[in-house]
Amino acid sequence: MEEKNKTYYITTPIYYPSGKWHLGHSYTTVCCDALARYKRMRGFDVFYLTGTDEHGQKIEKRAAEAGVTPKAFVDALVDNIKELWSLLDISYDKFIRTTDDYHVKAVQKIFKQLYDQGDIYKSRYKGKYCTPCESFWTESQLVDGKCPDCGREVSDAEEESYFFRLSKYQDRIKKLLTETDFLEPRSRVNEMVNNFIKDGLNDVAVSRTAFKWGIPVEFDPGHIVYVWIDALSNYITALGYGSDDTSLFDKYWPADLHMVGKEIVRFHTIIWPAILMALDLPLPKKVYGHGWLLLGGDKMSKSKGNVVDPFILEKRYGVDAIRYYILREIPFGSDGVYTNEAFIGRFNQDLCNDLGNLTRRTLAMNKQYFDGKLDASGEKGEFDDEFIAEINALDKKLDEDIDKLNLSRALEDIFAVIDKANKYIDNTRPWILSKSEETKGRLKAVLYNLTEAIRVCSTALMPFITRTPKLIFEGLGLKAPEVFDSVLKWGAVKKYETHETGILFPRLDEKKELIELDKIAAAAEKAEQKEVKKEDKKTDAAVKDGSAAKDNAADKAKEKTADAVNADADKQEEYVTADEFFRTKLVVGEVIACEKVEKADRLLKSTVKIGDEVRTIVSGIAKFYTPEEMVGKRVVVVKNLAPRKIRGIESRGMLLCAVSGEGENEQLCLVRPEKLMDGGSEVC
RNA sequence: CGCGGGAUAGAGCAGUUGGUAGCUCGUCGGGCUCAUAACCCGAAGGUCGUGUGGUUCAAGUCCCACUCCCGCAACCA
């Protein structure tokens, strides 16, 4: 707390705009936002950075599919995410786009410098190349020496590429990971060391020639700076590194915290520090690899995925509900699960019953017994010391929690005080004190203490939830504080004139809400399906409350090329002629033997008799059938499917299956003739 | 033996350097009436995955073996 004038630089990853923004993106960003707000209130000079990573082949391709330029494609998605951040009250100080001109220039400069000093060198990327797929594969990726994608022959090929000397920094990186707490949580360190460092670090390719959408290597046209240097360096270019004005960089670098999802820990803890070492810059103080926000646990509703659209949740329940859930429910460091039940449960229990109700009952009593006018002149009594001690302990607890980045614990600690306040009311029974003039003095102290508790809790909540504390402060007749400073303790405000507030959070009927959310999900899904078919260019009236039909970027991108795309779509929906269909030969076969394919979870190798012919077919059905139960079954086989090697076994044909769902919900069953038809019977 | 994570009350989770098993929700019983059918108190419910393993005066907590789940990787026309 003597850390005045200290800076705090915190970053989210820059997000890759490949599809729809969902609650997962919000997770990281909201966590960082809470930290940023917290540090600001602790008097730090905070710089909070977020942004988007907009280059690469995938975007080039998707834009082409949509018939727009890559820039137009990402522009739309960036608008969309900015809208989301504004909805969620994200207080970023800067939003960087890797397409920003200063970033492009700085990256080119960095690339050149690394090249000049020998950390980047030109070499050839050797591998197996599949011409039709336009893909490079390593030896180990090949399946039986052929392209794992299409099964065709591959040829030795080389591509010119620039490489970064990662190997040179291997020892320093290993030390950084194992001997410091650069990377947290600690459990991720093992993963990194075992998976990537143990066998030695290979130099990484940092340029590509296969696509154009990226930052050109200045001194070698045709080469594009690949993601490592392009994206990672955003953390310094955003501060002006490599530009004429480096004042921000000088002030804020090194970063105090890079918050990242566990899937990109590797890049941030191996490649990024190495780049910084090469540039001879200080390393960030910490990289925190958080878990994921998973969907699931829900048994009934299949379409809940769509409900976890933050736009929908915000519209229905408000920002604070989302922020609170995200920050409170995800266990520190590990994965958390989103369910509608838990969301509504948290909302009702914590926000409505505990916080909302406490505020309301207290302010109601203030009004009723003292017309809202309170001061510290009341009469002390039993329970006070303990209660006040609890309030005063919060300050330190919060600091410890946040120090460990344990946001959910911080909220727990705040709500522990709220809980204590509710108990305090029951213990002191103000409604009984109010019945006699003699106990008025005591009553005053009780209500004053409660009001102080509410003030301290609201203050403490400000970094986490952004709207409600302000409403509470209105009720308290105070202005919300800018900094914690000395206000996070009992007695900091001596006099009150409070007003009653409305209901802060209306209690939800859980059953009704769940049904409602399912309905919305279903509607959203319908809308999406339409979208996929690219048929609904007209304003979509299907979703009444509009939230699901929010104009996301995909819509916008499409609008620009509506006609062209529609023509395309019609083609896809065209019929096949009977002749075309009959080119596929479907026959009945009998499984006469079956076994599991080794080292493959999903694969069964079946020996199938079709008439007089016997052939081997490999299928991904091991999750649903055991080899034993397969034997003797009559199945439908695609007879003239091109043979293909799967895990070294030549599979000739395919077993027809009915499938639905994905992941946990996946269902699969064989399609089988209803009667015992002879093997070889045609299916038509 | 591909890499990693996990297994603690009905559910979701805490358990810090080993020292009488906790929290939230749910269930049941009671209390209160200031308040949003809220709030408060109490109870039931766990041999902390298995070995009846090892270290120790003492293990959910350390060591060993095993089982099962979940990610990633691989694989799925």
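Here the structure is a predicted model, which means the values were calculated and not measured.

Engineer: What am I meant to see in the overall build of chain A here?
Structural biologist: Counting its secondary structure elements, chain A contains 24 helices and 27 strands. A burial count over chain A gives 49% of its 684 residues as buried. Relative to all contacts within chain A whose residues are 6 or more apart in sequence, the contacts with residues 24 or more apart total 74%.

Engineer: I keep staring at unusual backbone geometry and nothing clicks. Help me out?
Structural biologist: Excluding glycine, most residues fall at negative phi; most peptide bonds, likewise, are trans. Going from tryptophan 253 to proline 254, the amide bond is cis rather than trans, its omega being 5 degrees. Note on placement: proline 254 falls in the loop between helix 9 (247-252) and strand 12 (257-261). Although it is not a glycine, phenylalanine 383 adopts a positive phi angle of roughly 75 degrees. In this structure phenylalanine 383 comes out as partly exposed when scored by relative accessible area, which is 30%. For leucine 405, which is not glycine, the phi torsion reads 60 degrees and is therefore positive. As for its position among the elements, leucine 405 is in the loop between helix 15 (384-403) and helix 16 (407-428).

Engineer: How should the packing of helix 4 (residues 101-116) against helix 10 (residues 265-279) be read in this particular structure?
Structural biologist: The angle between the axes and the distance between the axes are what describe a pair of packed helices. Two elements in contact, helix 4 and helix 10, have axes separated by 10 Å at closest approach and are oriented at 70 degrees. As the angle between them shows, helix 4 and helix 10 are arranged roughly perpendicular. In the crossing of helix 4 with helix 10, the sense of the turn from one axis to the other is left-handed. For the pair helix 4 and helix 10, the contacting residues are Ile110, Gln113 and Leu114 in the first and Ile275, Ala278 and Leu279 in the second. Its residues placed into classes, the contact of helix 4 with helix 10 shows 5 nonpolar, 1 polar and no charged.

Engineer: Looking at this structure, I do not really get the sheet that holds strand 12. What am I missing?
Structural biologist: Note on sheets: strands pair through backbone hydrogen bonds, and any given pair is parallel or antiparallel. One open sheet accounts for 6 strands, arranged 3-2-1-12-13-7; its pairing is parallel. Edge positions in the sheet fall to strand 3 (94-97) and strand 7 (183-184), since each has one partner strand and no second. Its contacts with the sheet put helix 1 (residues 23-41) on strand 1 (7-15), strand 2 (45-52), strand 12 and strand 13 (287-290), and the angle it makes with strand 1 is roughly 170 degrees.

Engineer: Could you clarify how one ought to interpret the pairing of strand 13 in this entry?
Structural biologist: For a regular strand, side-chain orientation follows a simple rule: the groups alternate between the two sheet faces. Of the two faces of strand 13, the one lined by Val287 and Gly289 and the one lined by Tyr288 and His290 are each fully buried. Pairing of strand 7 with strand 13 involves 2 bridges; the strand directions are parallel. Bridge pairing in strand 13 places leucine 183 opposite valine 287.

Engineer: In this structure, what is going on with the protein's contact with RNA strand B? I would like to understand it.
Structural biologist: Around RNA strand B there are 36 residues in total, and Asn357, Arg360, Arg361, Leu603 and Arg647 lie nearest to it. Sugar plus phosphate, as a fraction of atoms of RNA strand B within 4 Å of the protein: 70%. Interatomic distance of 3.3 Å between a side-chain N/O atom of aspartate 426 and a sugar or linking oxygen of RNA strand B. Mapped onto the surface near RNA strand B, the elements with two or more residues apiece are helix 6 (187-197), helix 14 (340-370), helix 16, strand 20 (613-619) and strand 22 (644-646). It is helix 14 that provides the largest number of residues to the surface near RNA strand B, a total of 11 residues. For the surface near RNA strand B, the per-class residue count stands at 13 nonpolar, 10 polar and 13 charged.

Engineer: For this particular structure, what's the right way to read the packing of aromatic side chains?
Structural biologist: Aromatic ring pairs are described here by two measures, namely the spacing of the ring centres and the angle between the planes. Evaluation of the coordinates by the stated rule reveals 28 aromatic pairs. Geometrically, the ring pair formed by tyrosine 8 and phenylalanine 44 is edge-to-face, given 6.1 Å between the ring centres and 75 degrees between the ring planes. Highlighted residues: tyrosine 8 in strand 1 and phenylalanine 44 in the loop between helix 1 and strand 2, separated in sequence by 36 residues. The same class applies to tyrosine 8 and to phenylalanine 44, which are both buried. Through a chain of ring-to-ring contacts, the aromatic side chains of Tyr9, Phe47, Tyr235, Tyr241, Phe249, Tyr252, Trp253 and Trp272 assemble into a single cluster. Over the face of the ring belonging to phenylalanine 95 we find lysine 82, whose NZ or CZ atom lies 4.8 Å from the ring centre.

Engineer: Just checking my understanding: could you explain the sheet that holds strand 11 (residues 224-225) for this structure?
Structural biologist: With antiparallel pairing, 3 strands are arranged side by side in an open sheet as 9-11-10. Each edge of the open sheet is held by one strand with a lone partner, namely strand 9 (207-208) and strand 10 (215-216). The sheet contact formed by strand 9 and strand 11 spans 2 bridges and is antiparallel. Opposite serine 207, over in strand 11, you have valine 225 as the bridge partner.

Conventions and cut-offs
- Residues numbered from 1 in each chain as written.
- Chains lettered and ligands numbered in written order.
- Predicted model: local features only at pLDDT ≥ 70, side-chain atom pairs only at ≥ 80, totals over all residues.
- Heavy atoms only, no water.
- Helix = DSSP H or I, 4+ residues; strand = E, 2+ residues; numbered from the N terminus.
- Buried < 20%, exposed > 50% of the residue type's maximum accessible area, 1.4 Å probe, protein only.
- Contact = heavy atoms within 4.5 Å.
- Axes fitted to C-alpha atoms, helices over the stretch in contact; angles between N-to-C directions.
- Parallel < 35°, antiparallel > 145°, perpendicular 65-115°, else oblique.
- Left-handed = near helix turned anticlockwise from the far one by under 90°.
- Nonpolar A, V, L, I, M, F, W, Y, C, P; charged D, E, K, R; others polar.
- Pairing = 2+ DSSP bridges.
- Near = heavy atom within 4 Å.
- Polar contact = N/O pair within 3.5 Å; in protein donor to acceptor, adjacent residues only side chain to side chain.
- Phe/Tyr/Trp six-rings, centres within 6.5 Å; stacked < 30°, edge-to-face > 60°.
- Lys NZ or Arg CZ within 6 Å of the ring centre and 35° of its normal.

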